[in-house]
Amino acid sequence: MSKFIVRGGNVLTGNVKVSGAKNSVLPIIAASLLGEEGVSIIRDAPPLDDVRTISRVLESLGAKVTYDQEVITVDARQLSSYEAPYEWVRKMRASFLVMGPLLTRLGHTRISLPGGCAIGTRPIDQHLKGFEAMGAKIQLGQGYVEATVDGRLRGAKIYLDVASVGATENIMMAAALAEGTTLIENAAKEPEIVDLANYLNSMGAIVRGAGTEMIRIEGVEKLHGVEHTVIPDRVEAGTYMIAAAITGGDVFVEGAIADHLNPVIAKLEEMGVQIDVKENGIRVTAKHPLKSVDVKTLPYPGFPTDMQSQMMALLLKSEGTSVVTETVFENRFMHVEQFTLMNAQIKVEGRTAIVTGSSNLVGAKVCATDLRAGAALILAGLVAEGTTEVSGIHHIDRGYVNLAEKLSGLGADIWRIEMGEEGKRLESSHAVEELPKLKIQTSGV
Ligand SMILES: CC(=O)N[C@H]1[C@@H](OP(=O)(O)OP(=O)(O)OC[C@H]2O[C@@H](n3ccc(=O)[nH]c3=O)[C@H](O)[C@@H]2O)O[C@H](CO)[C@@H](O)[C@@H]1O
Ligand SMILES: C=C(OP(=O)(O)O)C(=O)O
């Protein structure tokens, strides 16, 4: 069980560079399956466990994938399978995003059901409703969903009951090679949807309106591989902005795009944090005390659920009481119990958490219950008295590139301990530069 160890008390200053967006690169890699001609080259692909997982899924389908220096190449000209097995889909829900591309390209696909996970039940009904409207026959059984279509999928008008990011992406990809026009109504508007649409359009697709609630896709007969650079990760950027704010620091978050972070910026400013938007990033300066604010998560352009737990860490150190309402996922308050181990006072009532500010956080042994919960515990550890040990860090490795290195580059006292399967310490170092970098190994590397 590997861990992050954080000793609280340091003020963060300096420059931190944001990596490519996990939530963009995953659908973009999945969309590469649509390229019947040429090879795709995807730049700024972050070296994350999730990227390795989706690469393995593509390899299991017969695509050739290589990874070198944050560049992924995907050669999907020849596919040998239409099935994404449990082994990979269980590791990461986003593996389900290969369903739309496989169905539209091969007319047949079988994917393990992604099931629920820590933050909520996360159904896939809206994905399936979209495919069915386009003429697919869907069968569920033995933990798999199988979809077939006679000939090509047909364009359709699809109203999403919830503005689901994954369903919008899956349907957009399926519609790219369908016959005729598809309209997605109540589509998700996240920047990652726009990035995927840009990628599809450069592959030869015709996608219009991405970033609005109505997306129109004219199906084409063939798509080809292209070069594309992934947008910066707005959640990683937001996490470092909060790291600056919580420690009363002065940090330049290089690569952060302010337009993607409006609700986070608005809340930080409301608290009294100074935000300077520059051409190539955002400078965040904070002097305590900060004011408490209420936060309600919503689909984009509302406050992102993926920033809720990090924001809660900051609210624990602000003056006053805050109300945090989670409307996107029904079970995304698991970090509360872990914060409590650090002396936080938070009361959860249904989807609302009442957070008492000015907490004297104390270091404790805590566990990351999901990806962002892990980041939030590290943020709390930065200002806690004494030492915080965060376990469950495989969650954090899904979404943060070199987190300890980046934070220690800003002056944080944080390091990582690697443990073997039997809990044996493999290596430990206070000098995080000495730690091996996470490497993605896929065939061809
Ligand atoms: C890889 C990726 O991009 N992950 C992001 C994506 O997840 P993901 O795409 O899974 O999230 P969705 O937008 O689909 O989920 C939003 C809400 O819709 C519900 N829902 C979704 C699909 C469906 O068929 N039926 C249904 O009811 C979900 O249970 C949830 O309550 O968007 C989430 C919401 O911004 C983020 O937290 C995740 O980081
Ligand atoms: C919930 C998240 O990701 P995923 O949808 O991949 O679980 C996240 O990035 O916070």
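Residues numbered from 1 in each chain as written. Chains lettered and ligands numbered in written order. Predicted model: local features only at pLDDT ≥ 70, side-chain atom pairs only at ≥ 80, totals over all residues. Heavy atoms only, no water.

Chemist: Quick rundown of the overall build of the protein chain? Include the residues and the values.
Modeler: Check the secondary structure of the protein chain and you find 14 helices and 27 strands. Here the C-alpha radius of gyration of the protein chain, 22 Å, is about what a compact globule of 445 residues would show, namely 22 Å. With respect to the principal axes defined by its C-alpha atoms, the protein chain has extents near 65 × 45 × 45 Å. Counted over contacts in the protein chain with a minimum sequence separation of 6, partners at least 24 positions apart contribute 73%. Carbon and sulfur atoms make up 48% of the accessible area of the protein chain, which amounts to about 17,400 Å² in all. Put simply, the protein chain has 44 plus and 54 minus side-chain charges, and the middle of one group is 1 Å from the middle of the other. (Helix = DSSP H or I, 4+ residues; strand = E, 2+ residues; numbered from the N terminus. Rg over C-alpha atoms; globule rule 2.2 N^0.38 Å. Contact = heavy atoms within 4.5 Å. Areas by Shrake-Rupley, 256 points an atom, 1.4 Å probe, with all protein chains shown as cover. Lys, Arg positive; Asp, Glu negative; His and termini not counted. Charge placed at Lys NZ, Arg CZ, Asp CG, Glu CD.)

Chemist: With reference to specific residues and values, describe the domain arrangement of the protein chain.
Modeler: If you check the domain split of the protein chain, you get domain 1 (3–19 + 232–434) and domain 2 (22–229). The C-alpha-based centres of domain 1 and domain 2 are spaced at 30 Å. Every contact between the two is made by 22 residues of domain 1 and, on the other side, 16 residues of domain 2. Taken together, both faces of the contact between domain 1 and domain 2 bury some 1,600 Å²; the carbon and sulfur share is 55%. Looking only at domain 1, the three residues that lose the most surface to domain 2 are Y300, F329 and R398, adding up to 33% of its buried area. Joining domain 1 to domain 2, the criterion identifies eight residue pairs in polar contact (both at pLDDT 80 or more). (Domains from an automatic or database assignment. Buried area = accessible area lost by both parts, 1.4 Å probe. Polar contact = N/O pair within 3.5 Å; in protein donor to acceptor, adjacent residues only side chain to side chain.)

Chemist: Give me the lowdown on the packing of aromatic side chains, citing residues and values where you can.
Modeler: In this structure the tally under the stated criterion is zero aromatic pairs. Cation over ring: R110 sits above Y144, and NZ or CZ is 4.0 Å from the ring centre. (Phe/Tyr/Trp six-rings, centres within 6.5 Å; stacked < 30°, edge-to-face > 60°. Lys NZ or Arg CZ within 6 Å of the ring centre and 35° of its normal.)

Chemist: With reference to specific residues and values, describe helix α12 (residues 371–383).
Modeler: Among the 13 residues of α12, 13 are classified as buried, and the element is accordingly described as predominantly covered. Its side-chain oxygen 3.0 Å from the backbone nitrogen of R372, D370 forms the N-cap of α12. (Buried < 20%, exposed > 50% of the residue type's maximum accessible area, 1.4 Å probe, protein only.)

Chemist: Can you tell me about the side chain of H260, naming the residues and giving the values?
Modeler: Position of H260 among the secondary structure elements: in the loop between β17 (250–254) and α9 (262–271). By relative accessible area, H260 is classed as buried at 16%. Once residues lying within four places of it in the same chain are set aside, the contact partners of H260 are P191, I231, R234 and Y300.

Chemist: Help me get a handle on the site of ligand 2, residues and values and all.
Modeler: Around ligand 2 sit K22, N23, I119, R122, D306, R332, L371, R372 and R398, and that is every residue in its neighbourhood. Here an oxygen atom of ligand 2 sits 3.0 Å away from a polar atom, N or O, in the side chain of R332. Burial of ligand 2 by the protein amounts to 87% of the accessible area it has alone, namely 300 Å². Elements represented by at least two residues in the shell around ligand 2 include exactly α1 (22–31) and α12. (Near = heavy atom within 4 Å.)

Chemist: Describe unusual backbone geometry, naming the residues involved and giving the relevant values.
Modeler: A cis amide bond, omega 5 degrees, links H288 with the succeeding residue P289. Relative to the helices and strands, P289 is located in the loop between β19 (281–285) and β20 (295–296). Of note, the amide linkage connecting Y300 to P301 takes the cis form, showing an omega dihedral of 10 degrees. With respect to the helices and strands, P301 occurs in the loop between β20 and α10 (308–316). You will see that N343, though not glycine, has its phi angle at about 85 degrees, which is positive.

Chemist: Outline the nonpolar core, listing residues and values.
Modeler: Counting residues in each nonpolar core, the largest one holds 77 residues, and the members touching the most others are V98, M172 and L200. With residues near it in sequence (within four places) discarded, M172 still touches I184, I193, L196, A197, L200, V207, I215 and I217. The next biggest cluster of nonpolar side chains, apart from the first, holds 72 residues, and it includes F4, V355, A380 and V390. (Core = buried A, V, L, I, M, F, W, Y, C linked by side-chain atoms within 4.5 Å.)

Chemist: Mind laying out the site of ligand 1, listing which residues take part and the relevant values?
Modeler: Around ligand 1 lies a shell of 17 residues, among which Q126, S164, V165, D306 and V328 are the nearest. Taking R122, its side chain carries an N or O atom lying 2.8 Å from an oxygen atom of ligand 1. Here D306 contributes a side-chain N or O atom positioned 2.5 Å from an oxygen atom of ligand 1. Alone, ligand 1 offers 740 Å² of accessible surface; in the complex the protein occludes 83% of this.

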